[in-house]
Amino acid sequence: MSVNLLDYDGPGLTALFAALGEKAFRATQVERWIHRFGQDDFNGMTDIAKSLRQKLLAEAFIQPPPVISDKLSDDGTRKFLMDVGNGNAIETVFIPEDSRGTLCISSQAGCALDCSFCSTGKQGFNRNLTVAEIVGQLWQANRALGRDPKGERIISNVVMMGMGEPLANFDNVVSALHLMLDDNAYGLSRRRVTVSTSGIVPAIDRLREVCPVALAVSLHAATDRLRDELVPINRKYPLAELMAACQRYLKNAPRDFVTFEYVMLDGVNDSEADARSLIQLVRDVPCKFNLIPFNPFPKSPYRRSPSERIRRFADILMSVGIITTTRKTRGDDIDAACGQLAGQVRDKSRRHRTPTLMEVSS
Ligand code: SAH
Ligand code: SF4
């Protein structure tokens, strides 16, 4: 056998090492080398006995998805394009802010859920990413970004808001999340790791049980009629069920609110009446709102709401005490985008301006 060690979370590595006749603490040592120190060469693992290094060289390898391009925007946003084989590439976006550095990670190549305003959805579904490809995005970005002068990692937060629906690739995403939280790997607190979902209700419940990190839900509409159209998974898990799942989630959540993402589509879901219906809809769910100005892509049928209307929408939500942020658009000069990345991935020749989505949740 020859296995990619990046595919294994802590318990997985321990089991693998047991199968190789090695003790658990050796697995932990190797896990630290790989994830804490970014080591991909067994010979560089200096406190590992030479005999074990030889064994690992024969049985295993450490291979994150290779970085194909790495672009830095004037505002510090940095976009990595990584190769996942067969002509598929995924994007990972780093967004620096004053008090944190957030990495936006992809979970699938493409997405099957086909939301009407999403370029990833419009590209169709290719495949689930492996654990190595998910956590490998963090591994690569950490290697590129490094640590600050105090020795702290530049990447302090992770959001699963890149390409794909994380909860549709449940097991691999959860193993990757476990590594993000594991003190022997990235040691992030549960509040600093956010999963964004379009609302797969049974998977929200499972996540609550196995790995309750911060939750963001892509709401986008206040009525089933409109949401059925924008987010087709709503036909299976309508709003009443989704709201109930959010309430259940909060019992285990690391934060005492759910973040609702709401894409602002001109004339579709951005009226004052829509804002008031939303307030009714979420009245029993402690939440914050994150309004996302729509990012246009070729052939998309929508336009971005004018900023005055977005401001008005935010004011109405805030007037009843709901904390509401509006994502800034950044990274325009490098076509960085988080949340609708695929347009440039499948067709790299088609360049268009797609601002980066910002301010994930505060
Ligand atoms: N599949 C997950 C996570 C990835 S998308 C989800 O749907 O939640 C991250 C966020 O970007 C989601 O809220 C998604 O609805 C939003 N998004 C997708 N396409 C967009 C676009 N063209 N403009 C603005 N936001 C978009
Ligand atoms: Fe998939 Fe999310 Fe895009 Fe919907 S918005 S198609 S769930 S990536």
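Note that the coordinates shown come from a computational prediction; the quantities given were computed from them, not determined experimentally.

**Student:** Would you mind going over the sheet that holds strand β14 (residues 324–326) with me for this structure?
**Tutor:** Two modes of strand pairing occur in sheets, parallel and antiparallel, and in both the strands are linked by backbone hydrogen bonds. The strand order across the open sheet built from 10 strands is β3-β4-β5-β6-β9-β10-β11-β12-β13-β14, with neighbouring strands paired in mixed fashion. Every interior strand has two partners, whereas the edge strands, β3 (67–72) and β14, have only one. For this sheet, the mean inter-axis angle between neighbouring strands, taken without regard to orientation, is 20 degrees. Bridge count for strand β5 (residues 89–96) against strand β6 (residues 101–104) is four bridges, and the pairing is antiparallel. By the bridge assignment for β6, F94 is matched with L103. Across the sheet, helix α5 (residues 131–145) lies against β3, β4 (78–83), β5, β6 and β9 (157–160), angled at about 135 degrees from β4, the strand it touches most. The strands touched by helix α11 (residues 307–319) within the sheet are β12 (258–264), β13 (287–293) and β14, with β13 carrying the most contacts at an inclination of about 175 degrees.

**Student:** Where do I start with the domain arrangement of the protein in this structure?
**Tutor:** Many analyses report the size of an interface as the accessible area lost when the parts associate. Taken domain by domain, the protein consists of domain 1 (3–61) and domain 2 (67–361). Centre-to-centre, using C-alpha coordinates, domain 1 lies 32 Å away from domain 2. On the side of domain 2, 17 residues touch domain 1, which itself brings 16 residues to the contact. Summed over both partners, the interface of domain 1 with domain 2 buries about 1300 Å², with 45% contributed by carbon and sulfur atoms. There are one salt bridge connecting domain 1 and domain 2. Across the pair R143 and D40 runs a salt bridge, and its minimum N-O distance is 3.5 Å. Connecting domain 1 to domain 2 are 11 residue pairs in polar contact (both at pLDDT 80 or more).

Rules of the game
Residues numbered from 1 in each chain as written. Chains lettered and ligands numbered in written order. Predicted model: local features only at pLDDT ≥ 70, side-chain atom pairs only at ≥ 80, totals over all residues. Heavy atoms only, no water. Pairing = 2+ DSSP bridges. Helix = DSSP H or I, 4+ residues; strand = E, 2+ residues; numbered from the N terminus. Axes fitted to C-alpha atoms, helices over the stretch in contact; angles between N-to-C directions. Contact = heavy atoms within 4.5 Å. Domains from an automatic or database assignment. Buried area = accessible area lost by both parts, 1.4 Å probe. Salt bridge = Lys/Arg side-chain N within 4 Å of Asp/Glu carboxyl O. Polar contact = N/O pair within 3.5 Å; in protein donor to acceptor, adjacent residues only side chain to side chain.

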